[in-house]
Amino acid sequence: MPEGKFCNKKPIDTAEGINELLSDTSGNNYYQEMKELDIDSDLLWKTIQNTCKSRTKTWLEICAHCGMCAESCFLYQVNGRDPKQVPAYKIQSTLGEIIKRKGKVDNQFMRDTMETAWSKCTCCNRCGTYCPHGIDTGIMFSYLRGLLYQQGFVPWELKIGAGMHRVYRAQMDVTDEDFVDTFEWMVEEYEDDYPGLTVPVDVENADIMYTVNAREVKHYPEDLAEAAILFHMAGENWTVPSKGWEQTSLAMFAGDWAACKMQVESVYEAMERLKPARMIGTECGHAHRATVIEGPYWAGRKNGQPPAESIHYVEWLAEALNTGKLKIDPSKRIKELVTLQDSCNYIRNHGLKKATRDIIKHIVEPGYFVEMSPNKEHNYCCGGGGGFNGIGLFRKQRNIALLTKRDQILATGAKLVLAPCHNCWDAIRDLEEEYEIGIRWSFLKPIVIKMLVIPEHLKPEE
Amino acid sequence: MHDLLTGLFFWIALGVFLIGVLARLIMYFRGLSWQLDRVAYTSHPGAGFKGAVRSIYKWLIPFGTYGWRTQPFITIVFFGFHIGAVLIPLFLLGHNLFLQEKLGISFFTLNPCFADILTWTVVISAFFLILRRLVLPEVRIMTTLYDYFILGVAIAPFVTGLFARYQVGDYSFWLNMHIFCGEILLIAIPFTKLSHVFLFFASRAQLGMDFGIKRGGMKGTKMAW
Amino acid sequence: MFKKILFATSATQASDHAARVAFNIAKNYQSSLNIFHVMGVPTRGYSQVVIDVKTKEEVAVDEDYTAWVTEEVRTYYEKHLDGSFEHTIDVAVGFPAREILRQAKTIKPDLILIGGSTGDEDESVYKKNSAGSTLQKVAKAAKCPVLVVNRPAASFWGGLSNIVFGTDFSKTSDKAFDFAMKVAKALDCEVNVFHAIDITPLHTGKILTQDEIEQQIRESLRKIRARYEPRLKELKAYSMDVAEGIPYMEIVKYARDNMADLIIMAHHSRKVVSDDTRLGGNVEQVIVRAGCPVISINK
Ligand code: HEM
Ligand code: SF4
Ligand code: SF4
Ligand code: SF4
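As the structure is a computational prediction, the values presented were derived from the model and not from experiment.

### Concerning the overall build of chain C
Move 1: Looking only at helices and strands, chain C features ten helices and twelve strands.
Move 2: Each of the 299 residues in chain C was classed as buried or not, and the buried ones make up 58%.
Move 3: Of the contacts made within chain C by residues no fewer than 6 positions apart, 76% connect residues no fewer than 24 positions apart.
Move 4: Of the accessible surface of chain C, which amounts to about 12900 Å², a share of 51% is contributed by carbon and sulfur atoms.

### Section: a nonpolar patch on the surface
Move 1: Taken together, the side chains of Phe73, Trp120, Ile124, Phe127, Phe128, Leu131, Leu134, Val135, Tyr166 and Val168 of chain B make up a nonpolar region of the molecular surface, amounting to roughly 910 Å² of accessible area.
Move 2: Relative to the assigned elements, Tyr166 of chain B resides in the loop between helix 9 (145-165) and helix 10 (171-191).

### Things to note about the sheet that holds strand 1 (residues 208-211) of chain A
Residue and element names in this part refer to chain A.
Move 1: What the four strands build is an open sheet, ordered 2-1-3-4; its pairing is parallel. At either margin of the open sheet sits one strand with a lone partner, and together these are strand 2 (238-239) and strand 4 (309-311).
Move 2: The pairing of strand 1 with strand 3 (residues 278-281) spans four bridges and is parallel. Within strand 3, the position partnered with Thr211 by the bridge is Gly281.
Move 3: With respect to the sheet, helix 16 (residues 313-322) is in contact with strand 1, strand 3 and strand 4, its orientation differing from that of strand 3 by roughly 110 degrees.

### Some words on helix 16 of chain A
Move 1: For helix 16 of chain A, the buried fraction is high: eight of the ten residues fall into the buried class.
Move 2: Tyr313, Val314, Glu315, Trp316, Leu317, Ala318, Ala320 and Leu321 of chain A are the residues of helix 16 of chain A that are buried.

### Describing empty space enclosed by the protein
Residue and element names in this part refer to chain A.
Move 1: This structure, assessed with the given rule, holds five cavities of 30 Å³ or more.
Move 2: By volume, the largest cavity amounts to about 260 Å³.
Move 3: Around the largest cavity, the lining comprises 26 residues; the ones closest to its centre are Thr122, Cys123, Phe253, Arg289 and Asn345.
Move 4: Among the elements of the structure, helix 8 (137-150), helix 13 (250-254), helix 15 (285-298), helix 17 (344-348) and helix 20 (422-435) are those that each provide at least two residues to the lining of the largest cavity.
Move 5: Residues of the lining of the largest cavity, tallied by class, amount to twelve nonpolar, ten polar and four charged.

### A look at the packing of aromatic side chains
Move 1: Under the defined criterion, the tally for this structure stands at 43 aromatic pairs over all chains.
Move 2: Clustering of aromatic rings is evident, with ring pairs tying together Phe179, Phe183, Tyr210, Phe231, Trp238, Trp245, Tyr313 and Trp316 of chain A.
Move 3: The ring of Trp257 of chain A has Arg38 of chain B lying over it, and the distance from NZ or CZ to the ring centre is 5.6 Å.
Move 4: Above the ring of Trp185 of chain A, the side-chain terminus of Arg98 of chain C is found at 4.8 Å from the ring centroid.

### Quick look at the interface of chain B and chain A
Move 1: Contacts between the two partners involve 54 residues from chain B and, on the opposite side, 55 residues from chain A.
Move 2: Summed over both partners, the interface of chain B with chain A buries about 4500 Å², with 58% contributed by carbon and sulfur atoms.
Move 3: Our enumeration of links across chain B and chain A arrives at six salt bridges.
Move 4: Arg55 of chain A serves as the salt-bridge partner of Asp37 of chain B, at 3.7 Å between the closest nitrogen and oxygen.

### Here's the deal with the arrangement of the chains
Move 1: No other pair among the two pairs of chains in contact exceeds the contact count of chains A and B.
Move 2: The two units chain B and chain C are non-contacting; their minimal C-alpha-C-alpha distance is 26 Å.

### Some details on the interface of chain C and chain A
Move 1: Contacts between chain C and chain A engage 29 residues on the former and 42 residues on the latter.
Move 2: For the pairing of chain C and chain A, the buried interface totals around 3100 Å² over both sides, and the portion due to carbon and sulfur atoms is 49%.
Move 3: As a salt-bridge pair, Glu188 of chain A and Lys143 of chain C come within 2.2 Å of each other at their nearest N and O atoms.
Move 4: Remark: the boundary between chain C and chain A carries seven residue pairs in polar contact (both at pLDDT 80 or more).
Move 5: A total of five residues in the side of chain C that touches chain A trace back to one element, the largest contributor, which is helix 3 (residues 96-107) of chain C.
Move 6: Across the side of chain C that touches chain A, the residue classes tally to eight nonpolar, seven polar and 14 charged.

### Remarks on the coordination of the iron atom of ligand 1
All names here are of chain B.
Move 1: Those donors, His82 (NE2) and His196 (NE2), are the protein atoms that reach the iron atom of ligand 1, and they lie 1.9 to 2.0 Å from it.
Move 2: Taken together, the six donor atoms surrounding the iron atom of ligand 1 define angles of 84 to 179 degrees at the centre, an arrangement classified as octahedral. Taken as a pair, His82 in helix 5 (residues 72-91) and His196 in helix 11 (residues 196-214) lie far apart in primary sequence, 114 residues in all.

### With respect to the nonpolar core
One broad trend across soluble globular proteins is that nonpolar side chains are buried collectively.
Move 1: Ranked by size, the top nonpolar core spans 158 residues in total, and within it Tyr30 and Trp118 of chain A carry the most contacts.
Move 2: With nine residues, helix 11 of chain B is the single largest residue contributor to this core.
Move 3: Beyond its immediate chain neighbours, meaning those up to four positions away, Tyr30 of chain A contacts Phe6, Cys7, Leu21, Asp24, Gly152, Val154, Pro155, Trp156 and Lys159 of chain A.
Move 4: One finds Val212, Val240, Val314 and Ile328 of chain A within the second-largest nonpolar core, a separate group that totals 98 residues.

### Section: the packing of helix 7 (residues 112-135) of chain B against helix 9 of chain B
All names here are of chain B.
Move 1: Taken N-terminus to C-terminus, the directions of helix 7 and helix 9 make an angle of 150 degrees; their axes are 10 Å apart at the nearest point. Of the possible angle classes, the one that applies to helix 7 and helix 9 is roughly antiparallel. The handedness of the crossing between helix 7 and helix 9 is left-handed. Residues Asp116, Thr119, Trp120, Val122, Val123, Ala126, Leu129, Ile130, Arg133 and Leu134 of helix 7 form the contact with helix 9, whose participating residues are Asp147, Tyr148, Leu151, Ile155, Phe158, Val159, Leu162 and Arg165.
Move 2: Residues of the contact of helix 7 with helix 9, tallied by class, amount to 13 nonpolar, one polar and four charged.

### A closer look at the pattern of salt bridges
Move 1: Per the counting criterion, the structure on display carries 53 salt bridges over all chains.
Move 2: Two residues, Arg429 of chain A and Asp430 of chain A, come together in a salt bridge whose shortest N-O distance is 3.3 Å. The pair formed by Arg429 of chain A and Asp430 of chain A is uniform in burial state, with each residue classed as buried.
Move 3: The salt bridge partner of Arg165 of chain B is Asp116 of chain B, with a shortest N-O separation of 2.5 Å. With Arg165 of chain B in helix 9 and Asp116 of chain B in helix 7, this pair connects stretches of sequence that are 49 residues apart.
Move 4: We classify Arg165 of chain B as partly exposed; its relative accessible area is 43%.
Move 5: Through salt bridges with shared partners, a single ionic network connects Arg215, Arg395, Arg398, Asp426, Arg429 and Asp430 of chain A together with Glu58 of chain C.

### Regarding the site of ligand 3
Move 1: Every residue close to ligand 3 is listed here: Cys73, Phe74, Pro87, Lys90, Cys121, Thr122, Cys123, Cys124, Asn125, Cys127 and Gly138 of chain A.
Move 2: Here the residues of the shell around ligand 3 sort into seven nonpolar, three polar and one charged.

### Structural notes on the sheet that holds strand 7 (residues 440-442) of chain A
All names here are of chain A.
Move 1: The strand order across the open sheet built from three strands is 5-6-7, with neighbouring strands paired in parallel fashion. In this open sheet, the two edge strands, each paired with only one partner strand, are strand 5 (338-340) and strand 7. Strand-to-strand twist in this sheet, taken as the mean axis angle between neighbours without regard to direction, amounts to 25 degrees.

### Re the side chain of Gln85 of chain A
All names here are of chain A.
Move 1: Note on placement: Gln85 falls in the loop between helix 5 (74-78) and helix 6 (87-100).
Move 2: Its relative accessible area of 6% is what places Gln85 among the buried residues.
Move 3: Polar contacts involving the side chain of Gln85 include one to the side chain of Lys90, which spans 3.1 Å.

What counts as what
- For every chain, the first residue of the written sequence is number 1, and numbering continues from 1 onward in sequence order.
- Chain letters and ligand numbers both follow the written order, the letters beginning at A and the numbers at 1.
- Selection of residues for local features in this predicted model requires a pLDDT of at least 70, selection of side-chain atom pairs for listing and counting requires 80 or more, and totals for whole chains, interfaces and linings are taken over all residues.
- Note that water and hydrogens are dropped before the side-chain values are worked out from all heavy atoms of the structure.
- Secondary structure elements follow DSSP: runs of H or I of four or more residues count as helices, runs of E of two or more count as strands, with numbering from the N terminus.
- Relative accessibility thresholds used throughout: buried, under 20% of the residue-type maximum; exposed, over 50%; partly exposed, between the two (1.4 Å probe, protein chains only).
- Any two residues having at least one pair of non-hydrogen atoms within 4.5 Å are treated as being in contact.
- For the accessible areas, the method is Shrake-Rupley and the probe is 1.4 Å, while residue cover comes only from the protein chains on display.
- Candidate patch residues must exceed 30% relative accessible area and have no salt bridge, after which like charges are joined if within 9 Å and Val, Leu, Ile, Met, Phe, Trp or Tyr side chains if within 5 Å.
- Salt bridge, as used here: a side-chain nitrogen of Lys or Arg that lies within 4 Å of a carboxyl oxygen of Asp or Glu.
- DSSP calls a pair of strands paired once it identifies at least 2 bridges connecting them.
- Axis definition: a line fitted to C-alpha atoms, limited for helices to the stretch in contact. Angles are taken between N-to-C directions and run from 0 to 180 degrees.
- Cavity: a set of points on a 1 Å grid over the protein atoms alone where a 1.4 Å probe fits but cannot get out. Pocket: an open set with protein on both sides within 12 Å along at least five of seven lines, its lining residues, like those of a cavity, having an atom within 4 Å of a point.
- Grid points are joined across faces, edges and corners, and a volume is the space filled by probe spheres set on the points.
- Residue polarity follows a fixed list, in which Ala, Val, Leu, Ile, Met, Phe, Trp, Tyr, Cys and Pro are nonpolar, Asp, Glu, Lys and Arg are charged, and the others, Gly among them, are polar.
- Aromatic contacts are taken between Phe, Tyr and Trp rings whose centres are within 6.5 Å, Trp giving its six-membered ring; a plane angle under 30 degrees counts as stacked, one over 60 as edge-to-face, and the others as tilted.
- We call a charge positioned over a ring when the NZ of a Lys or the CZ of an Arg lies within 6 Å of the ring centre and within 35 degrees of the ring normal.
- Accessible area that two parts lose when put together, with a 1.4 Å probe and added across both, is what the buried area reports.
- In protein, a polar contact requires one atom able to donate a hydrogen and another able to accept it; more generally it is a pair of N or O atoms within 3.5 Å, and residues adjacent in sequence count only if both atoms are side-chain atoms.
- Each metal's donors are the N, O and S atoms within 2.8 Å of it, or within 3.2 Å when it is Na, K or Ca, and because water is not part of the set, sites may look incomplete.
- Metal sites are grouped by the angles between bound donors: all angles between 85 and 135 degrees with four donors is tetrahedral, opposite donors over 155 degrees apart with the others between 65 and 115 is square planar for four donors and octahedral for six, and any other pattern is irregular.
- The set of buried Ala, Val, Leu, Ile, Met, Phe, Trp, Tyr and Cys residues whose side-chain atoms join them within 4.5 Å is what this entry labels a nonpolar core.
- Orientation is classified from the angle alone, with under 35 degrees giving roughly parallel, over 145 giving roughly antiparallel, 65 to 115 giving roughly perpendicular, and any other angle giving oblique.
- Crossing handedness is defined as follows: a turn of the near helix away from the far one that is anticlockwise and smaller than a right angle gives a left-handed crossing, while the clockwise case is right-handed.
- Each residue is tested against the molecule or strand, and it is near if at least one of its non-hydrogen atoms lies within 4 Å.

Rendered as structure tokens:
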């Protein structure tokens, strides 16, 4: 059977398609069919010839097989230093082989490669900073995922996730109406406590256009209210687009480059339509990477920049605290040991380490902040990056991967972990569920709101 | 024989080496694609240049990066091997005399005693490089015969050079072998993994530009290599 | 009156006492009852997997599973669903408080009926994600009255005849009073207006002398009269009382002594106070302790 009913090379472009795939519980049939899926070797090889250029080719060629990257990969460390987890080995034995064999690989090979690409690498890019040749295996893995996606070898959840972006321009089945509706509902719920709280939708030329993660709309809409409250307290002139509000991209994890482009273009269109001075995204790591760091390239923007200056939530928060737009009541600062999860996606891959530490200075009583070790751009992945968190098939491997972060957190002695990244937040929650080390974790918004000095004119009556 | 090796063969080797290196470098940089690599190289040349330079020079300093510092053993072996591997061919007295005669140029020359030490360091380090490949599972799993072959090609000129230097057996045989191996090495550089001799700079520059332009450089954060 | 009731339930024993009240009201007042069950809390990032609130196991939610859970809920309440009132059953995935509020936003009920703290164990799945119990969050944000049945004792309930309305003279309390009046008129009940003066030193900042206390009691009574009596006169029976002590204790005691079958109070706390209901505001304390159902009103 070349193309299965559930598992095939066709991307999902309709709501019905998504529902059909969803109806295959846990992807049981999907993975069954995958065992029969044919490989289009010609297409594979042609794609490689068109897209694998000097950077990647050189990386694969000059790799000294020296193993210096081994120790840098948390998955190598945490899996008993299994040599099969050495970054260079992982990529040479997959992408390297496909190229060596000019795309003539069999089904078993592709399924093994899928397992490596999604369960042995979170695309955290840490190894790239430890290789003397500057070989970034994480980048090659995301390239490899693209090849696998094209051939239909992609974990079930991510095929669905990419489909969601194609259909809804959001990672979940949240429509534009749902978004605006939910945001308004949330603001209504909180406006008694914060008089004047509003959600300005589609306002042109605002200072800030705010974008979110669809999961906030679907499951934790309080986050939307919190964002509104903080903008309101800071006296910002902000807006949300009624279309193009979703910043995340499961398509990026899936390797569905076409969907990545569609998704990010929807946000850029909103920027072009509303012409905000700046775009600010919510506390999410991969969303920032997708929309701000990689997005411009998918959309073909030659200068590598989104249409409007785009910053991460932590940059805005740091700025608001530093300039006094938001004021913290020092007596309410965190007075317990607390640590911080550095998200690879915007710390290692966008250099925002200072912003988060500025925030810490405002909200944590001096002496109570403990850095993880290592930290900043050398921090380890939370264990759930690159889509790992959501893939049922690789749940076991994911749970092992969490051990690194567990031990890092335990070593700090802190019971509170600040995690300004949805994915990291999830992984840390899961690690508590799995290993019960007695920690709490939080985004920054709720913590900051609790310690805010509310300006007189914004206080509720009574 | 000697004449042939220092004459025609030398010119061929040098020519192949220089043209090969140049051609490959050009191919490398022409093959960079802002969109595929997702780095806006040409839009931000300044940021890219700064990132590239940092990325290269940090890694040329022994223990200059987190990578080097976390693995002191390989770092010592690596620099033990490479300092000699780069300095000896260019700055050995004998080589300079030869270059002077052939090309009319000569560089500064190394103290002969120091040069001896360096050469021995190269060979001993190479021994450890091989040992590492045999002993450490994380290196063994990736090691292919090709890796040993490359190592062999790389140290052959040094080993034969030492035989000649200490006049073990027939001096002129070892000298000819040395010259021959050196020329093989020169020819091998553009076509094998030894291309890293120059592609190292290209690859590091590329990643440096990535960090300098896209991954934080333009946010004012220098990558803490 | 209670035409449409949203009954949020875990469909386990923990909700049984609330269920008893829900079915009772529905039967007596011909309400249409929407039985709403949040079956699972999302887990695993963006995936379709949820933790089933009953079994605590990870399950993949699909149509079959949803249908199955709906059927389970129906079976659980089978003997009560005897056709004497209209009912619908809905199940959802998400964090319970949020989903209950979302459901309320959609169906716009006259009353949300919810079981109180269902015991630590049951809350554990929910708690993981944010501070505050389901109850606190729903009571804080709901746009309609929220009726809470916390203790089993509160559910042995014959009908409505005697309402205690606890006031603190706030605007929200006025709204609660409006609601109490509405219920009383519709169902022909007696309303007992009650105010408790907080004499805990934590609140007053000092220990009050007996004279000061009695002074305050007189003032409060005057206030109650001025504020509520004109309208109370519309009823057949009413009373007005003031007592001093720890407010929530006094209200609970007062309700017990007067054999009240419903307490109505305003909900104030701006913020969800903490993870622990025991530390919540006055209403929450009353809810936890009262021997009858409590209705909290917030808007
Ligand atoms: C400036 C010039 C050079 C630079 C920057 C450079 C850089 C590197 C780097 C980064 C590695 C991989 C890291 C490692 O093995 O630890 C390496 C490996 C190697 N280099 Fe070079 N290299 C240079 C010149 C040379 C030359 C001239 C030779 C040969 C004579 C050479 C022979 C080798 C060999 C054989 C290896 C593999 C080592 C192993 O087996 O692990 N390199 N070089
Ligand atoms: S450190 Fe770099 S050169 Fe060495 S094995 Fe890893 S990827 Fe290859
Ligand atoms: S990118 Fe991260 S997870 Fe992937 S191989 Fe490198 S260090 Fe390991
Ligand atoms: S989830 Fe967070 S820590 Fe993990 S890879 Fe993504 S950004 Fe990094």
